[in-house]
Amino acid sequence: MEIQLDILESLGVAIIAYMLGVFIKNRVKFFQKFFIPSPVIGGLIISLINLILNQSGLGFFKFDDVIQDFFMNIFFTCIGLACSFKVLKKSGWLGIKLAIAIILLLPLQNALAVGLAKTMGINPLHGVAMGSTSMTGGIGSAVSFGKIMEGYGALNNTSIGVAAATFGMLIGSLVGGPVASRLIRVHKLKSTGVQIANKDGKNINLINQKTLMEAIVIIALASFLGTFINRLLALTSLNFPYYVGCQFGGLVTRNILDIAKKDINTKSIDILGNISLNLFLSLALINLNISAMLNLALPMLVIMVAQAIFIAIYTSLVTFNLLERNYDAAVMVAGHCGVGLGQTPNAIANMEAIIEKEGPADVAMFIFPIVLAIAVNLFNPIVITFFINFLK
């Protein structure tokens, strides 16, 4: 029996999951050592409870999706508002190298999954579903391209892709922290961040009702602009997630304000963005369909584990070295693990967890989200389409 929870009920459960995660993380050194985000801890526990209730026949809670998407889009609007070209242009070459690392991973993920699928006698298009389609692309990409591959005879491809993306969403938050933690420890890396945005003015980081309301107005207008950008993106043949328009809405708004020499309270926006991220992750994790992962066939599980191991190695050897082997590079490695296995919020959560423990990473937080959005959303559909046409 499915029990549908409304917006406020879903938010209430998500808050409980977050509080539970904070409580456990503060008392378990393992989670602190490996930077496991609190929403992941609490959300996973709620999902396990939901699974037990469902398996015992007592019922299954279905949480509201609208509020989850709302917080995700607000969070990415805040990320866009942090992308000032005045700062980005100072790290232009680094951004190009990050894009190269992200783009190179896409065909390699597909090649690994397709190769293992053929070895184990699985339709190679199912391998594509468990490659960059679901790993870097996420659930939305798995659904969109899954329908196309089913048209070419890959039965249940959509379900396979969604299950893979679900697995990746969990493991992406578990892999990034330990990989970055090892790099920081082995190379004795230290934060050199100085919170660049804080230099804009003496009172720019004052937090009160007035500054928070001003931040909400800016975020709301930027996300409103993002809806029109999404309409333009919809005219292309590429499959852009809705949050991309919101992120670019934030970017455009921030740089217009920069040109007009209008200061904004970046700390208020960061606070609202981090709150939105925690709530989004809590809502996403409590809504995980763990039974889909438990029902994965052995070959699928082999491919998923192989993907996790591969990206840990790839980001340590390729991403870290391309990005100059410093503290910001280690933070971006955590982000790349998060998005390479899960979704962009997993990446940002991984980065935020490390920053919370080890200190600011200004360059990483400024360039990673926008480079990621451009590199993944422009190139992943092209890579996926190439593999589908080659293997169909």
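Residues numbered from 1 in each chain as written. Predicted model: local features only at pLDDT ≥ 70, side-chain atom pairs only at ≥ 80, totals over all residues. Heavy atoms only, no water.

Looking at the overall build of the chain
What the chain contains, in helices and strands, is 17 helices and 2 strands. At 20 Å, the chain has a C-alpha radius of gyration in line with the 21 Å of a compact globule built from 392 residues. Along the longest, intermediate and shortest principal axes, the C-alpha atoms of the chain span 65 × 50 × 45 Å. Relative to its 392 residues, the chain shows a buried fraction of 55%. Of the roughly 17300 Å² that the chain leaves accessible, carbon and sulfur atoms contribute 67%. In the chain, 26 positive and 18 negative side-chain charges are present, and the distance between their average locations comes to 10 Å. (Helix = DSSP H or I, 4+ residues; strand = E, 2+ residues; numbered from the N terminus. Rg over C-alpha atoms; globule rule 2.2 N^0.38 Å. Buried < 20%, exposed > 50% of the residue type's maximum accessible area, 1.4 Å probe, protein only. Areas by Shrake-Rupley, 256 points an atom, 1.4 Å probe, with all protein chains shown as cover. Lys, Arg positive; Asp, Glu negative; His and termini not counted. Charge placed at Lys NZ, Arg CZ, Asp CG, Glu CD.)

Structural notes on the packing of helix H4 (residues 66-81) against helix H12 (residues 266-286)
Their axes nearest at 8 Å, the elements H4 and H12 cross at an angle of 145°. The chirality of how H4 crosses H12 is left-handed. When H4 is examined against H12, the residues Ile67, Gln68, Phe71, Met72, Ile74, Phe75, Cys78 and Leu81 are found in contact with a partner set consisting of Ile269, Leu272, Gly273, Ser276, Leu277, Leu279, Phe280, Leu283 and Ala284. Of the residues assigned to the contact of H4 with H12, the class counts are 14 nonpolar, 3 polar and no charged. (Axes fitted to C-alpha atoms, helices over the stretch in contact; angles between N-to-C directions. Left-handed = near helix turned anticlockwise from the far one by under 90°. Contact = heavy atoms within 4.5 Å. Nonpolar A, V, L, I, M, F, W, Y, C, P; charged D, E, K, R; others polar.)

Quick word on the side chain of serine 132
Within the secondary structure, serine 132 sits in the loop between helix H7 (124-129) and helix H8 (138-150). For serine 132, a relative accessible area of 0% corresponds to the buried category. For serine 132, the contacting residues outside a window of four places in its chain are Leu106, Gln109, Asn110, Gly137, Asn380, Val383 and Ile384.

Some words on the environment of valine 40
Along the polypeptide, valine 40 turns up in helix H3 (residues 38-55). A relative accessible area of 2% means that valine 40 is categorised as buried. Once the C-alpha coordinates of valine 40 and glutamine 209 are considered, the two residues, 169 residues apart in sequence, prove to be 30 Å apart. Other than its neighbours up to four places away in sequence, valine 40 contacts Leu170, Ser173 and Leu285.

Re a nonpolar patch on the surface
A cluster of nonpolar residues, Met120, Leu298, Leu301, Val302, Val305, Ile309, Ile313 and Leu317, forms a patch on the protein surface that exposes about 690 Å² of accessible area. Here valine 305 shows up in helix H14 (residues 298-322). (Patch = residues over 30% accessible without salt bridge, like charges linked within 9 Å, V, L, I, M, F, W, Y side chains within 5 Å. Salt bridge = Lys/Arg side-chain N within 4 Å of Asp/Glu carboxyl O.)

Re the pattern of salt bridges
In total, this model carries 3 salt bridges according to the counting rule given. When the shortest N-O distance is used, the salt bridge between lysine 97 and glutamate 324 registers 3.2 Å. Taken as a pair, lysine 97 in helix H6 (residues 92-119) and glutamate 324 in the loop between H14 and helix H15 (327-341) lie far apart in primary sequence, 227 residues in all. Take glutamate 324: its relative accessible area is 46%, and that puts it in the partly exposed class. Linking glutamate 214 and lysine 210 is a salt bridge whose minimum nitrogen-to-oxygen distance equals 2.6 Å. Placement of the pair is glutamate 214 and lysine 210 together in helix H10 (residues 209-233), with a separation of 4 residues, close to one helical turn. Given the relative accessible area of 37%, glutamate 214 is considered partly exposed. We classify lysine 210 as exposed; its relative accessible area is 57%.

Points about the packing of aromatic side chains
Taken as a whole and judged by the stated rule, the model has 6 aromatic pairs. Summarising the aromatic geometry, the rings of phenylalanine 70 and phenylalanine 71 are spaced 5.4 Å apart at their centres and angled 70° between planes, so their arrangement reads as edge-to-face. Looking at phenylalanine 71, the relative accessible area reads 12%, which means it is buried. Aromatic pair phenylalanine 75 and phenylalanine 76: ring centres 4.9 Å apart, planes at 65°, arrangement edge-to-face. (Phe/Tyr/Trp six-rings, centres within 6.5 Å; stacked < 30°, edge-to-face > 60°.)

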